[in-house]
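For reference, the chains in residue letters:
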Amino acid sequence: MKILYLFLLLISSQILFAQIPKYASRPSATSVVYLDFDGHRVENTSWNTDESSIDAAPAELSAEDIFKIYRIVKEDFITFNVNITTDSMYYEQASVYSRHRVIITPTSYWRAEGTGVAVIGCFAFGDETPSFVFSDRLGNHFYKIGQIVAHEIGHALGLQHISEWNEDCTLKNEYKGQTGTVFPTFSPIMGESFDSDITGWVSDFSVLACDDVQDEISMFHSGRFGFIPVADDISNYFAGAKTFSEFEAHVTDGIINDSNDIDIFKLSLKHARIVDIDITPNRINKQTRLGINLNLAVDLYDADSVLIRTYQDTDNIDIFIDTILNAGTYYFAVRAVGNENMPRYSSFGSYEFLYLVNNVTLNDLNIDINGLQKGYQHELRWSFSGGTMNGTALLQHSVDGVNFSPIYKDSLRLAEFTWMPQNTGSHYYRVGVMERDGSMGGYSKVLKMGVDKKTYRLSYTMISDKIELLMYEPGEYELIDLNGRVLQRGKLGEGYQKISLMYKPKGVVLLRILQKGARNVEKLMVL
């Protein structure tokens, strides 16, 4: 029986290990940080003060959450020549003096407090001393785990906490917290960064003394751990600008290597046309703002290097360019900026540059499209003017701005269409003229719309015995009467959810939904 139990245990361990997805940010880098999710026995390190070992259990996380954690940490170190990986092969092949293991585990009993722990400077010890992140104390929340992983790697690389000091040099807060209360808020990675929209490395006062400035980028670049900057991927100069065609959709992943880096793109137009370009800092995925390290501005120049205008949205990290340009050559210079909450020093990372083809005829037949967002619904209206329309108006939809499919067609010169997209995130629309032979005779501009920022959808606001809703992300709820009394509370998973009313108060009640720190309140009528 013991043999059978051992056999099953081995099989179980192999299955668990196989479920850990393997990622590597820079496979050729000599410095390696291994994110260890599948458990590890720690012995003969700085943590083992006696002959005992620490048997860290595997993290209880889904493959999706592991990917999100990896993306967060990868973005924090994207400009450094270090391989952030979940594959132990890279760790085993690296020198013991240029590798570090971060163990993400629920085994926290041996530490009285804290959500993670690291020995400062242990990256260079060469004795396999790992860092720990206690997933159980972080509620297995991927964003919090990702932030603490980056924080502990910072300690392993020699960084102290970023702190707040009073004017008389007494310590105010060991962990400097969030700057700002509305988007985009900012926190230093080596401070407390659980709930901020943007996090980053800083040059600020450390916990050591009120006048001790910790210049974190300079420390990483010192060469002690091999964290040299990566080569610039896109030129800072007009002569070496990255060129793309006006006739083909273009997507480029770029990197702003530091706060002084500029990436320049070149576009030459043979005819006047509407130009649509989206520049979005990379994050966990396009449906969330979590995991951003970069704040951008884009300068538009003409062929003579004369600045035409600057695009920067202080209320939105993403930049959307929708403009008409005459025939000629233009340059788009992508650069880092700070904001009222974030120092420019901390603004660097990766982004996506997306050019959307708009085959608009500006001389003869003009095609115009506009949209109105009402909650989850998109009301679209388009019209034609000038020229002659010899075909059918075809409304097309895309979720990536590149691949479009038809959703409606009409022969009228003025038409409208209302629908409810089935997924969150961005949606792109354009209207084209389909000729009688089936070919496309031209398109409108591409219209970009979102859906309601809420990550859930209520089925009804007038209810009797239950509340039905669709949750795009898990969360918690409270049902409250108008006197502020909590009637019931509970958790909500992803997908279709039904809340059965334990009490049935007549009249108006409030439904409070909490998701990843965001709170929304809905007013319901109980019949």
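As shown above, the structure is provided for reference.
The rules behind the values
- Residues numbered from 1 in each chain as written.
- Predicted model: local features only at pLDDT ≥ 70, side-chain atom pairs only at ≥ 80, totals over all residues.
- Heavy atoms only, no water.
- Phe/Tyr/Trp six-rings, centres within 6.5 Å; stacked < 30°, edge-to-face > 60°.
- Helix = DSSP H or I, 4+ residues; strand = E, 2+ residues; numbered from the N terminus.
- Buried < 20%, exposed > 50% of the residue type's maximum accessible area, 1.4 Å probe, protein only.
- Lys NZ or Arg CZ within 6 Å of the ring centre and 35° of its normal.
- Patch = residues over 30% accessible without salt bridge, like charges linked within 9 Å, V, L, I, M, F, W, Y side chains within 5 Å.
- Areas by Shrake-Rupley, 256 points an atom, 1.4 Å probe, with all protein chains shown as cover.
- Salt bridge = Lys/Arg side-chain N within 4 Å of Asp/Glu carboxyl O.
- Disulfide = S-S within 2.5 Å.
- Polar contact = N/O pair within 3.5 Å; in protein donor to acceptor, adjacent residues only side chain to side chain.
- Contact = heavy atoms within 4.5 Å.
- Core = buried A, V, L, I, M, F, W, Y, C linked by side-chain atoms within 4.5 Å.
- Axes fitted to C-alpha atoms, helices over the stretch in contact; angles between N-to-C directions.
- Parallel < 35°, antiparallel > 145°, perpendicular 65-115°, else oblique.
- Left-handed = near helix turned anticlockwise from the far one by under 90°.
- Nonpolar A, V, L, I, M, F, W, Y, C, P; charged D, E, K, R; others polar.
- Expected span 1.5 Å × (residues − 1).
- Pairing = 2+ DSSP bridges.

Student: Quick question: what am I supposed to make of the packing of aromatic side chains here?
Tutor: For any pair of aromatic rings, the description consists of the separation of the ring centres together with the inter-plane angle of the planes. Tallied over the entire structure, the rule returns 23 aromatic pairs. Judged by centre distance (4.9 Å) and plane angle (20°), the rings of Tyr23 and Tyr70 are stacked. Of this pair, Tyr23 sits in the loop between helix 1 (2-18) and strand 1 (31-36) while Tyr70 sits in helix 2 (residues 63-76), and the two are 47 residues apart along the sequence. Residue classification places Tyr23 among the partly exposed positions, given a relative accessible area of 23%. For Tyr70, a relative accessible area of 4% translates into the label buried. Taken together, a centroid distance of 4.7 Å and an interplanar angle of 50° make the contact between Phe238 and Tyr331 tilted. Here Tyr331 lies in strand 21 (residues 328-336) and Phe238 lies in the loop between helix 5 (216-220) and strand 14 (242-244), a separation of 93 residues in the sequence. Exposure remark for Phe238: the relative accessible area of 27% places this residue in the partly exposed category. In this structure Tyr331 comes out as buried when scored by relative accessible area, which is 10%. Cluster of aromatic residues (ring-pair linked, three or more members): Phe77, Phe80, Trp201, Phe220 and Phe348. In this structure, Lys68 packs its charged tip against the face of Phe142, placed 4.5 Å from the ring centre.

Student: Would you mind going over a nonpolar patch on the surface with me for this structure?
Tutor: Side chains of Met462, Met525 and Leu527 sit close together on the surface and give an oily, nonpolar patch of about 300 Å² of accessible area. As for its placement among the helices and strands, Met525 is situated in strand 38 (residues 518-526). Residue Met525 is classed as partly exposed on the basis of its relative accessible area of 33%.

Student: Would you explain the pattern of salt bridges in this entry?
Tutor: Oppositely charged side chains can pair when the atoms bearing their charge come close. Scanning the model with the defined rule gives 14 salt bridges in all. A salt bridge links Lys491 to Glu476; the shortest N-O distance between them is 3.1 Å. On the criterion of sequence distance, the pair formed by Lys491 in strand 35 (residues 486-492) and Glu476 in strand 34 (residues 475-480) is long-range, its members being 15 residues apart. With its nearest N and O atoms 3.2 Å apart, the salt bridge here joins Arg485 to Asp481. Of the residues examined, Arg485 reaches a relative accessible area of 53% and is grouped as exposed. Of the residues examined, Asp481 reaches a relative accessible area of 12% and is grouped as buried. Three or more residues joined by partner-sharing salt bridges are found here, namely Glu478, Arg489 and Arg512.

Student: I keep staring at the state of the cysteines and nothing clicks. Help me out?
Tutor: Each disulfide consists of a covalent bond between the sulfur atoms of two cysteine residues. One pass over the full model with this rule turns up one disulfide. Here Cys169 engages in a disulfide with Cys210; their sulfurs sit 1.7 Å apart. One quick way to see it: the torsion about the S-S bond of Cys169 and Cys210 is about 65°, and its sign makes the bridge right-handed. With Cys169 in the loop between strand 8 (164-165) and strand 9 (171-173) and Cys210 in the loop between strand 12 (203-205) and strand 13 (213-215), this residue pair connects regions lying 41 residues apart in the sequence. On the basis of relative accessibility, which here comes to 22%, the residue Cys210 falls in the partly exposed class.

Student: Before we go on, may I ask you to explain the side chain of Arg99 in this structure?
Tutor: Considering the arrangement of structural elements, one finds Arg99 in strand 5 (residues 99-105). We classify Arg99 as buried; its relative accessible area is 12%. A polar contact of 3.4 Å, which involves the side chain of Arg99, links it to the backbone oxygen of Glu92. For Arg99, the residues in contact, after removing those within four places along its chain, are Val32, Tyr91, Glu92, Ala94, Phe123 and Glu128.

Student: Looking at this structure, I do not really get the nonpolar core. What am I missing?
Tutor: As a rule of thumb, nonpolar side chains are buried together in soluble globular proteins. With 82 residues, the main nonpolar core has Phe77, Ile104, Val149, Trp201, Ile279, Phe332 and Tyr351 as its most contacted residues. The element best represented in this core is helix 4 (residues 142-156), accounting for eight residues. Those residues in contact with Val149, other than ones at most four positions away along the chain, are Leu35, Ile69, Val73, Val102, Ile104 and Val133. Counting 17 residues, the second-largest nonpolar core is a separate cluster that includes Ile467, Leu479, Leu492 and Val509.

Student: I would appreciate a short explanation of the packing of helix 2 against helix 4 in the present structure.
Tutor: Helix packing for two helices is described by the angle between their axes and how far apart those axes are. At their nearest, the axes of helix 2 and helix 4 sit 9 Å apart, and the two run at 40° to each other. It follows from the interaxial angle that helix 2 and helix 4 lie oblique. Viewed along their axes, helix 2 and helix 4 form a crossing whose handedness is right-handed. Facing Asp65, Lys68, Ile69, Ile72, Val73 and Asp76 of helix 2, the residues of helix 4 in contact are Phe142, Tyr143, Ile145, Gly146, Gln147, Val149, Ala150 and Ile153. In terms of residue class, the contact of helix 2 with helix 4 is made up of nine nonpolar, two polar and three charged.

Student: Looking at this structure, I do not really get helix 4. What am I missing?
Tutor: Since the α-helix packs 3.6 residues into each turn, any two residues three or four apart lie on the same face. Here helix 4 is 15 residues long and its end C-alpha atoms lie 21 Å apart, about the 21 Å a rise of 1.5 Å per residue gives. The first or second residue beyond helix 4 is Gly158, which carries a positive phi of 100°.

Student: Whenever I open this one, the sheet that holds strand 36 (residues 495-500) confuses me. Can you help?
Tutor: Note: strands within a sheet are paired through backbone hydrogen bonds, in either parallel or antiparallel orientation. Reading across from one edge, 31-33-36 is the order of the three strands in this open sheet, with antiparallel pairing throughout. Each edge of the open sheet is held by one strand with a lone partner, namely strand 31 (456-458) and strand 36. For this sheet, the mean angle separating the axes of adjacent strands, direction not counted, is 25°. Note that strand 33 (residues 466-471) and strand 36 share six bridges and pair antiparallel. Note on strand 36: the bridge partner recorded for Glu468 is Lys498.

Student: Looking at this structure, I do not really get the environment of Asn423. What am I missing?
Tutor: Positionally, Asn423 belongs in the loop between strand 27 (414-419) and strand 28 (427-435). When its relative accessible area of 34% is taken as the criterion, Asn423 is described as partly exposed. Here the alpha-carbon distance between Asn423 and Val399, two residues 24 residues apart in the chain, equals 9.1 Å.

Student: What's the story with helix 2 in this structure? I'm lost.
Tutor: Taking 1.5 Å of rise per residue, the 14 residues of helix 2 would be expected to cover 20 Å, and the 20 Å separating its terminal C-alpha atoms lies within 8% of that figure. Taken as a whole, helix 2 has its buried residues at Asp65, Ile66, Lys68, Ile69, Tyr70, Ile72, Val73, Glu75 and Asp76. Packed against the buried residues of helix 2 are strand 1, strand 4 (82-85), helix 4, strand 11 (198-200) and strand 22 (349-356).

Student: Whenever I open this one, unusual backbone geometry confuses me. Can you help?
Tutor: Negative phi characterises most residues that are not glycine, and trans characterises most peptide bonds. A positive phi angle is found at Asn44, which is not glycine, with a value near 60°. Mapped onto the elements, Asn44 comes out in the loop between strand 2 (40-42) and strand 3 (54-56).

Student: Would you explain the side chain of Arg101 in this entry?
Tutor: Here Arg101 is to be found in strand 5. Only 3.4 Å separates the side chain of Arg101 from the side chain of His40, close enough to count as a polar contact.

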